[in-house]
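Structural overview for review
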Amino acid sequence: MAGIRVTKVDWQRSRNGAAHHTQEYPCPELVVRRGQSFSLTLELSRAPDCEETFIFMVETGPRASEALHTKAVFQTSELELGEGWTAAKEAQVENTLTVSLASPPNAVIGRYLLSIRLSSHRKHSNRRLGEFVLLFNPWCAEDDVFLASEEERQEYVLNDSGIIFRGVEKHIRAQGWNYGQFEEDILNICLSILDRSPGHQNNPATDVSCRHDPIYVTRVISAMVNSNNDRGVVQGQWQGKYDGGTSPLHWRGSVAILQKWLKGRYKPVKYGQCWVFAGVMCTVLRCLGIATRVVSNFNSAHDTDQNLSVDKYVDSFGRTLEDLTEDSMWNFHVWNESWFARQDLGPSYNGWQVLDATPQEESEGVFQCGPASVTAIREGDVHLAHDGPFVFAEVNADYITWLWHEDESRERVYSNTKKIGRCISTKAVGSDSRVDITDLYKYPEGSRKERQVYSKAVKRLFSMKASGRRTWIRRAGGRCLWHDDLLEPTTKPSITGKFKLLEPPMLGHDLRLALCLANLTSRVQQVRVNLSGATILYTRKPVAEILHESHAVRLGRQEEKRIPITISYSKYKEDLTEDKKILLAAMCLVTKGEKLLVEKDITLEDFITIKVLGPAMVGVAVTVEVTVVNPLLERVKDCALMVEGSGFLQEQLSIDVPTLEPQERASVQFDITPSKSGPRQLQVDLVSPHFPDIKGFVIIHVATAK
């Protein structure tokens, strides 16, 4: 009988794409998820005999081998049997055969080559049918990345836009972000990120064989999204100018960054800060099939020496002494959480895992962080992999303030020690609202359980013995501090202080506020108040001083007094960063040697509104109206609207804005034509050389064409 040949392959992209939730990927090859069958139809040169079977071979990566689980050989049967790859006949009509292939739920993810030969043709070589891409599968109960809730899968795997929360604890702002995991070339770029990793460059076959494990893959991605140890995607920059690159605040999503990395032949893209690293990492992991979300931690500790204490050294005006202060507390920090099982730790630690691509500290010699089990952080199990101490400190460290004297002695100053790890936030499932997930990371602040966990973490971290052996930390000035001493509370002072805004802090306007002091005693008190203020980065690093003054205040018995403070726009406009943040401090020196430090972080407000004038429908143009206000008391020109949105625009749109008179309100209209249905995010920023970007976004519900 004549030999049999495959003359045509139908990959059934529409059917498989719908079944595997991969229909949004624009790739020419089939994209499917592991642990789930997919179908293809083969047209043959003749009908096969009943005793003839087809032998399939799948291979991924270089030097694919069955020993490394990067190669599998399997044949058709009437049923899908076995734990490995399987093939089953679905239907046969004359010389057309439909088969169902299935991968195991722990298969290596990546690009595969599929080949075939007939069982009777032992001497014949395999016939290449083509390539397909295999992803993690949150819909498969046997996959380590399985997520039970369909609503959460829609949000954390399939939603291609989201919200990142920034600002300060008392004034949290929402920023839109275009993840764009289904945009052109993004899947190929995400696979390229894995292939560009040092582990792959050094030992590609072994690296690929480890890609069955979400623990391994996510840790590699956390290192590759930053460029510190490799030719990773994004180069960080936290101060100075952004010459030769893009300011971190000008990015509106991950797509432009990833495409620029590819087009630049894997040269790191300039520049990113924490929310950019987190946004890009969310895109990559959702694209690969791992449920991932972006998380913002307000008052986030950066504990460089892992003593679970952020030790801040200040002068007599409350100004941070940069050369002595190694630790820091950022206004906010943004990282990721991904959902998967921890086969290395046990089922108690399954679920959300912290991953952080921002290059802060090295882990195993590389700037990477995680995965760290959120459950392990809450329970103080900081000894478990990976990077538990650093993450625990970010949300749990005690905040200690030291007054540094000219003779190099230091003195503990009363301040709020429990300000670290506030309002830990993420976008709600299915809506734009903010969800506070602080209770996933720690027990209520100050509760007995929280203190027990803290003590447990300290003992784990410092290997303390039952005898209570104390651990010392070498700190500023070469002095040694006992850890027990760091946590000893100072005497609560006999006065209280608080900054109060007298009017909203608007960009371009004078800043008006008051320091409110109250005497808690029945005796008269003399207080020396040293005030300072500075423009800062969101890391709280000072940029330029804008306030420096002293007041002598007499407080009668139980008396309250206000010290009015005005900072003119002319004082801060030249040194205000794109973060639009100002830090005020008051060092209050009370009689009898008491000292109180009062601080306030301020984010200047701005204005932009976006309206859609009519129903949005796929393929039909709709008008968008954007209203902006010139925040300045001066005329500005050369402003533009920068518009971006997955499912609306192929590339970023720039629209000129007419010259704006002082504090003028103006509206600009433009048309967009939606190409995808469902809830879609449109971002619009007002960009000007005269003031920091004013950012806005709107969710537009797009209907399918009738």
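The protein has the name protein-glutamine gamma-glutamyltransferase in an unreviewed UniProt entry, where Papio anubis is given as its organism. The UniProt entry for the protein carries the following comment under Sequence similarities (unreviewed entry): "Belongs to the transglutaminase superfamily. Transglutaminase family."

This brings us to the domain arrangement of the protein. Split into domains, the protein comes out as domain 1 (6–135), domain 2 (155–465), domain 3 (495–603) and domain 4 (608–702). Its C-alpha centre places domain 1 at a distance of 39 Å from the equivalent point of domain 2. Contact residues are listed per partner, giving 22 residues for domain 1 and 23 residues for domain 2. Between domain 1 and domain 2, roughly 1700 Å² of surface is buried when both sides are summed, and carbon and sulfur atoms account for 67% of that area. Summed over the three residues of domain 1 that lose the most area to domain 2, namely Y25, P26 and I109, the buried surface amounts to 28% of that side. At the boundary of domain 1 and domain 2, one finds 0 salt bridges. Remark: the boundary between domain 1 and domain 2 carries 4 residue pairs in polar contact (both at pLDDT 80 or more). The residue inventory of the side of domain 1 that touches domain 2, partitioned by class, reads 11 nonpolar, 6 polar and 5 charged.

The next point concerns the sheet that holds strand β25 (residues 495–501). Here we have 3 strands laid out as an open sheet, ordered β25-β26-β29, and antiparallel in their pairing. Lying at the two open borders of the sheet, with one neighbouring strand each, are β25 and β29 (560–567). The average undirected angle you get between the axes of adjacent strands in this sheet is 20°. Examined bridge by bridge, strand β26 (residues 511–519) and β29 share 8 bridges and lie antiparallel to one another. Residue pairing in the sheet places A518 in a bridge with E560 of β29.

The next point concerns the nonpolar core. Counting 96 residues, the largest nonpolar core has L187, I221, I257, W275, V280 and Y441 as the members making the most contacts within it. The element best represented in this core is helix α8 (residues 274–288), accounting for 12 residues. Both domain 1 (6–135) and domain 2 (155–465) contribute no fewer than three residues apiece to this core. Setting aside chain neighbours within four positions, we find I257 in contact with W177, V233, V234, W251, V269, V276 and V280.

Turning next to the UniProt feature "binding site: Ca(2+)" (unreviewed entry) in the protein. Those places that UniProt annotates as "binding site: Ca(2+)" (unreviewed entry) correspond, in this numbering, to N396, D398, E445 and E450. In summary, the annotated positions, though distributed over 55 residues, converge in three dimensions, the widest C-alpha pair being only 12.3 Å. By the secondary structure assignment, D398 is in strand β19 (residues 398–404). Mapped onto the secondary structure, E450 falls in helix α12 (residues 448–462). Among residues more than four places away in sequence, those in contact with E450 are N396, Y443, P444 and E445. Among the polar contacts listed, one links the side chain of E450 to the backbone nitrogen of G446, at a separation of 3.1 Å.

A few words now on the pattern of salt bridges. Within the structure shown, the criterion is met by 42 salt bridges. A salt bridge links E150 to R153, with the nearest nitrogen and oxygen atoms 2.7 Å apart. Highlighted residues: E150 and R153, both in helix α2 (residues 150–158), separated by 3 residues, approximately one helical turn. A residue is classified by how much of its surface remains accessible, and E150, at 32% relative accessible area, is partly exposed. The buried category is assigned to R153, whose relative accessible area is 9%. The residue D195 makes a salt bridge to R211 at a minimum N-O spacing of 2.9 Å. You can see D195 sitting in helix α3 (residues 186–195) and its partner R211 sitting in the loop between α5 (204–209) and α6 (214–224), a full 16 residues away along the chain. Within the structure, one salt-bridge network assembled from shared partners comprises K312, K419, R540, E599 and D601.

With that settled, the discussion passes to unusual backbone geometry. Look at the link from K270 to Y271: it is a cis peptide, with omega at 5°. Positionally, Y271 belongs in strand β13 (residues 269–272). Look at the link from G370 to P371: it is a cis peptide, with omega at 5°. Note that P371 resides in the loop between β17 (351–355) and β18 (372–373). In this structure, D185 takes a positive phi of about 75° despite not being glycine. Relative accessible area serves as the criterion here: at 35%, D185 is assigned to the partly exposed category. Of note in the backbone geometry, D387 takes a positive phi value of approximately 65° without being a glycine.

Per the UniProt entry, the sites bearing "active site" (unreviewed entry) are C274, H333 and D356 in this numbering. Maximum C-alpha separation among the annotated residues is 9.8 Å over a sequence range of 83 residues, consistent with a single clustered spot. Look past the residues within four positions of H333 in its chain and what remains in contact with it is C274, V295, S296, N297, S300, D356, T358, Q360 and E394. When you line up the elements, D356 lands in the loop between β17 and β18. The class of D356 is buried, set by a relative accessible area of 1%. Residues within four places of D356 in sequence aside, it is in contact with S222, H333, V334, W335, Q368, C369 and E394. Side-chain polar atoms of D356 contact the side chain of Q360, separated by 3.2 Å.

If you trace the backbone, K580 turns up in the loop between α14 (569–572) and β30 (581–590). Among the polar contacts made by the side chain of K580, one reaches the side chain of D606 at a distance of 2.4 Å. What K580 contacts, discounting residues up to four positions off in sequence, is L507, I602, T603, L604, D606, P692, D693 and I694.

Before going further, it helps to examine the sheet that holds strand β31 (residues 595–603). With antiparallel pairing, the 4 strands of this open sheet are ordered in space as β28-β27-β30-β31. Across the chains shown, the open sheet's two edge strands, defined by having one partner strand only, are β28 (542–555) and β31. The mean inter-strand angle of the sheet, taken between neighbouring strand axes irrespective of direction, is 15°. Pairing of strand β27 (residues 525–536) with β30, which is carried by 10 bridges, proceeds in the antiparallel orientation. Pairing of G533 across the sheet is with L584, part of β30.

Criteria and thresholds
Residues numbered from 1 in each chain as written. Predicted model: local features only at pLDDT ≥ 70, side-chain atom pairs only at ≥ 80, totals over all residues. Heavy atoms only, no water. UniProt positions renumbered as here; feature names shortened; annotations may be inferred. Domains from an automatic or database assignment. Contact = heavy atoms within 4.5 Å. Buried area = accessible area lost by both parts, 1.4 Å probe. Salt bridge = Lys/Arg side-chain N within 4 Å of Asp/Glu carboxyl O. Polar contact = N/O pair within 3.5 Å; in protein donor to acceptor, adjacent residues only side chain to side chain. Nonpolar A, V, L, I, M, F, W, Y, C, P; charged D, E, K, R; others polar. Pairing = 2+ DSSP bridges. Helix = DSSP H or I, 4+ residues; strand = E, 2+ residues; numbered from the N terminus. Axes fitted to C-alpha atoms, helices over the stretch in contact; angles between N-to-C directions. Core = buried A, V, L, I, M, F, W, Y, C linked by side-chain atoms within 4.5 Å. Buried < 20%, exposed > 50% of the residue type's maximum accessible area, 1.4 Å probe, protein only.

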